[in-house]
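Take a look at the letters that make up each chain.
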Amino acid sequence: MSFIIFTMIQWTWDIHHYSDNVVEKIDEILTVIDEPTARAIEQYDESLAYSIVSGVTIHSEVYRVQIFDSDDIILAQILQYQRNGKLRKAADFFLGPNKVYKREIRSIDENGRGSRIGYFVVYIDTETSFITFLERIWFVFLIGLIRNAILAFCLSIILYQRITKPLVSLSRKVSHIDLDDPRPDAIHPPRSHTANEIGLLYDQIKLLLQRLKQYSNKRDTKESTLRQIANTDPLTGVFNRRFFEEKGKQIVQRKSECALILFDIDHFKSVNDTLGHDVGDFVIKFVASTISECLRDEDVLARIGGEEFAVLLPNNSINTAVTVADRIRLKIKNNSQAQTALGERVITISGGVSHKAREKGELSALLKSADQALYRAKQSGRDQIHCSDES
């Protein structure tokens, strides 16, 4: 009965501290990601910021995560389903209303002085925490019973070793004392032996936690690798079409001005047919590498077809985009190392440029316009850059 009462007391304590433990876990996570978050804000790396908020929303209690820069502009956010069910009042009673956790992101200069560059906001749904807690009550209760039963058993052994056994031993010795010849030295206090089971149990739990930590690190590494594989073209190492469309929609909807370039390698099928697929792969990788060298960190490059590449240039005018496209075209055409590898053949590319200067626009419309411009460049003799009619 005593260990059941103890279990109920422990269960009550768990209810009142469960939500605080969630906040502590979130705080530990944000402490770990302080540096990459600061880097994402400083470099305005929306891809990194989105990966960070995605990682935080793995926790079921988190229903919204936002990263703001110093101007209170949202760099990245994720909003998930927020519960508002029958247990809302019960969650408010036991755990309080939904919690909002805000953490400043600071940048440290060379002199060791910090300055605020943004902040991280996490919204925690207490109803989800309460439901999660209820779902594991039976397990917590069972574990509590087992734990407290073990504790009661250990306490009984300790009491037996410390109190009952010495009293029994004393009683036996007293019963064998010869009253006619009492000898005080015949009664010796029993030796006290302390067991080391708790220490062994602690070591095993510590070992288990270490293994769980190793498993967690391996899982995070595998998830990161899988995410990179899912977003990357395996031949060139640049982004693939799926990621480009996902990231491009975000940029086009958010930026008031941006440009898109479509590149296509001229006569690529002929290269494959006459020189072989190994040379064709070399040409594709060379073109991807050359395009990447000419871009800014915020630009997005992807291979969207066999020999076709797309480049999204945020905050760029049509004239700048055309200049960038032509510079890439000339750099590929005039690269002596690549041309040497192909013998008499010269690698050339054609390009189509489209532009969005309005507040509203769709990535699909930009792709269509750039594709039409690319078609005209092909029809006009290739090795050219053309603009879309809308630009």
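Each remark here, short or long, concerns the structure printed above.
Numbering of residues begins from 1 in every chain and follows the order in which that chain's sequence is written. Only residues with pLDDT of at least 70 are given local features in this predicted model, and only at 80 or more are side-chain atom pairs given and counted; all residues enter the totals for whole chains, interfaces and linings. Water and hydrogen atoms play no part in the side-chain values, which are based on all heavy atoms of the structure.

Caption draft 1: Summary view of the packing of helix α10 (residues 277-293) against helix α11 (residues 318-333). Where α10 meets α11, the axes come as close as 10 Å, and the angle between the chain directions of the two elements is 135°. The angle between α10 and α11 places the two elements in the oblique class. Between α10 and α11 lies a crossing whose hand is right-handed. Note on element contacts: α11 touches α10 through Ile328, Lys331 and Ile332, opposite Phe286, Val287, Thr290, Ile291 and Glu293. Classification used: nonpolar for Ala, Val, Leu, Ile, Met, Phe, Trp, Tyr, Cys and Pro, charged for Asp, Glu, Lys and Arg, polar for all others including Gly. Its residues assigned to classes, the contact of α10 with α11 comprises five nonpolar, one polar and two charged. The convention used is that axes are lines fitted to C-alpha atoms, helices contributing only their stretch in contact, and that angles between N-to-C directions extend from 0 to 180 degrees. Put simply, DSSP H or I for four residues or longer makes a helix, DSSP E for two residues or longer makes a strand, and each gets a number counted from the N terminus. For classification purposes, angles smaller than 35 degrees are called roughly parallel, those larger than 145 roughly antiparallel, those between 65 and 115 roughly perpendicular, and all remaining angles oblique. In this scheme the handedness of a crossing depends on how the near helix is turned from the far one: anticlockwise by less than a right angle means left-handed, clockwise means right-handed. Whether two residues touch is decided by their heavy atoms; if any such pair falls within 4.5 Å, the residues are in contact.

Caption draft 2: Focus on the pattern of salt bridges. Salt bridge, as used here, is a side-chain nitrogen of Lys or Arg placed within 4 Å of a carboxyl oxygen of Asp or Glu. Applying the stated criterion across every chain, the model contains 18 salt bridges. Its salt-bridge partner being Arg103, residue Asp34 comes within 3.0 Å of it at the nearest N-O pair. With Asp34 in helix α2 (residues 34-42) and Arg103 in strand β3 (residues 99-108), the pair connects residues that are 69 residues apart, well separated along the chain. Take Asp34: its relative accessible area is 23%, and that puts it in the partly exposed class. A 1.4 Å probe rolled over the protein chains alone gives each residue an accessible area, and that area as a share of the maximum for its type sets the label: buried under 20%, exposed over 50%, partly exposed in between. The class for Arg103 is buried, based on a relative accessible area of 17%. Asp383 is paired through a salt bridge with Lys333; the nearest N and O atoms lie 2.8 Å apart. With Asp383 in the loop between α13 (363-379) and β10 (385-387) and Lys333 in helix α11, this residue pair connects regions lying 50 residues apart in the sequence. Several salt bridges converge on common partners, so that one network encompasses Asp72, Glu104, Arg106 and Arg116.

Caption draft 3: Structural view of the side chain of Lys247. Tracing the backbone shows Lys247 in helix α8 (residues 241-254). With relative accessibility at 8%, the residue Lys247 sits in the buried group. When near neighbours in sequence (up to four residues on either side) are disregarded, Lys247 contacts Glu46, Ser47 and Val300.

Caption draft 4: Structural context of the side chain of Asp264. In this structure, Asp264 sits in strand β6 (residues 258-265). A distance of 2.7 Å separates a polar atom in the side chain of Asp264 from a polar atom in the side chain of Lys378. Sequence-distant contacts of Asp264, that is, excluding residues within four places in its chain, are made with Glu307, Glu308, Thr348, Ile349, Ser350, Leu374 and Lys378. Polar contact criterion, stated in full: a pair of N or O atoms within 3.5 Å, where within protein one must be able to donate a hydrogen and the other to accept it, and residues adjacent in sequence count only if both atoms are side-chain atoms.

Caption draft 5: Examining the pairing of strand β4 (residues 114-124) more closely. Judged by how many residues are buried, β4 sits mostly within the fold: eight of 11 residues are covered. Here strand β1 (residues 62-69) pairs with β4 via seven bridges, running antiparallel. Bridge pairing in β4 links Val65 to Val122. By the bridge criterion, 10 bridges tie β3 to β4 in an arrangement that is antiparallel. Across the sheet, the residue bridging to Glu104 is Tyr119, located in β4. Two strands qualify as a pair provided that DSSP identifies no fewer than 2 bridges between them.

Caption draft 6: Main features of unusual backbone geometry. Here the phi dihedral of Asp72 falls at roughly 60°; this positive angle occurs in a residue that is not glycine. Checked against the element boundaries, Asp72 lands in the loop between β1 and β2 (74-79). We classify Asp72 as partly exposed; its relative accessible area is 46%. Within the chain, Asp383 stands out as a residue other than glycine whose phi angle is a positive 55°.

Caption draft 7: Molecular detail of the nonpolar core. To form a nonpolar core, buried Ala, Val, Leu, Ile, Met, Phe, Trp, Tyr and Cys residues must be joined to one another through side-chain atoms within 4.5 Å. Among the nonpolar cores identified, the biggest contains 30 residues, and Phe263, Val287, Ile291, Phe309 and Ile328 are the most heavily contacted of them. Those elements that provide at least two residues to this core are β6, α9 (268-275), α10, β8 (308-314), α11 and β9 (349-356). Beyond its immediate sequence surroundings of up to four residues, Phe263 is in contact with Ile291, Glu307, Glu308, Phe309, Val311, Ala325, Ile328, Ile349, Ser350, Gly351 and Ile385. Counting 22 residues, the second-largest nonpolar core is a separate cluster that includes Leu30, Ala76, Ile117 and Ile124.

Caption draft 8: The arrangement of the packing of α9 against α10 in detail. For the pair α9 and α10, the least separation of the axes is 7 Å and the interaxial angle reads 145°. Residues Phe268, Val271, Asn272 and Leu275 of α9 form the contact with α10, whose own contacting residues are His277, Val279, Gly280, Val283 and Ile284. Across the contact of α9 with α10, the residue classes break down as six nonpolar, three polar and no charged.

Caption draft 9: Seen up close, the sheet that holds β6. Spatially, β5-β7-β8-β6-β9-β10 is the arrangement adopted by the six strands of the open sheet, whose pairing is mixed. The sheet terminates laterally at β5 (239-240) and β10, the two strands that pair on one side only. By the bridge criterion, seven bridges tie β6 to β8 in an arrangement that is antiparallel. Across the sheet, residue Phe263 finds its bridge partner in β8, namely Phe309.

Caption draft 10: Layout of helix α3 (residues 46-56). For α3, the complete set of buried residues consists of Glu46, Ala49, Ile52, Val53 and Val56. Angularly, the buried residues of α3 cover 120° about the axis, an arc narrow enough to put them on a single face. Capping the start of α3, Asp45 holds a side-chain oxygen 3.2 Å from the backbone nitrogen of Ser47, two or three residues further along. Arc, as used here, means the arc of the directions from the helix axis to the C-beta atoms.

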